[in-house]
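# Residue-level structure breakdown
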Amino acid sequence: MKLSREEVLRIARLARVGLTEEEIVRMQEQLSDILGNFEILQQVDTTNVPPTAHTVALQSVMRDDEVAESLPPDEILANAPQRDGDCFRVQAVLE
């Protein structure tokens, strides 16, 4: 699909992007190529392909599912600039 100069200018206006004359020509070519690639992808038969949210299986990187002992408070607070007992002391951010 070949985009016209007017379509490129409309897209630029919607995106609030100013383009020089050279950039308009370059964007016209590049956006046309991108749309051409989507036309090719639309020809692929996906009737027996189930919809997926992710292409790979998800894995939580936040925990390893093993219960472990917590660090002692003194070790956690060793580098704290200010502390109040077993807590970090921070400046108030709300009035």
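Below you will find a few notes about this structure. None of the values given here were measured: they were computed from a predicted structure.

## Some thoughts on the overall build of the protein
Broken down by element type, the protein carries three helices and two strands. What you see in the protein, going N to C, is helices and strands ordered as α-α-α-β-β. By the compact-globule yardstick of 12 Å for 95 residues, the protein is too spread out, its C-alpha radius of gyration being 27 Å. Overall size of the protein, expressed as C-alpha extent along the three principal axes, is 70 × 45 × 25 Å. Within the protein, the fraction of its 95 residues that count as buried is 9%. For the protein, long-range pairs separated by at least 24 residues make up 31% of all intrachain contacts whose partners lie at least 6 apart in sequence. When the accessible surface of the protein is totalled, it reaches about 9300 Å², and 55% of it is carbon and sulfur.

## As for helix 2 (residues 21-42)
The periodicity of an α-helix, 3.6 residues per turn, causes residues three or four places apart in sequence to face the same way. If you check helix 2, its first and last C-alpha atoms are 32 Å apart, about what 22 residues at 1.5 Å a residue would give, namely 32 Å. Each element contacted by the buried residues of helix 2 is listed here: helix 1 (5-14).

## Quick notes on unusual backbone geometry
If you check the backbone angles, arginine 16 has positive phi at about 60 degrees while not being a glycine. Tracing the backbone shows arginine 16 in the loop between helix 1 and helix 2.

## Concerning the side chain of serine 32
Tracing the backbone through its elements, the reader meets serine 32 in helix 2. Not counting residues within four places of it along the chain, the set of residues in contact with serine 32 comprises Met1, Lys2, Leu3 and Met27.

## Re the environment of methionine 27
Inspection of the secondary structure puts methionine 27 in helix 2. By relative accessible area, which is 27% here, methionine 27 ends up partly exposed. The spacing of methionine 27 and phenylalanine 38 is 11 residues in sequence and 16 Å in space, taken between C-alpha atoms. Contact partners of methionine 27, with chain neighbours within four places excluded, come to Val8, Leu19 and Ser32.

The rules we used
- Residues numbered from 1 in each chain as written.
- Predicted model: local features only at pLDDT ≥ 70, side-chain atom pairs only at ≥ 80, totals over all residues.
- Heavy atoms only, no water.
- Helix = DSSP H or I, 4+ residues; strand = E, 2+ residues; numbered from the N terminus.
- Rg over C-alpha atoms; globule rule 2.2 N^0.38 Å.
- Buried < 20%, exposed > 50% of the residue type's maximum accessible area, 1.4 Å probe, protein only.
- Contact = heavy atoms within 4.5 Å.
- Areas by Shrake-Rupley, 256 points an atom, 1.4 Å probe, with all protein chains shown as cover.
- Expected span 1.5 Å × (residues − 1).

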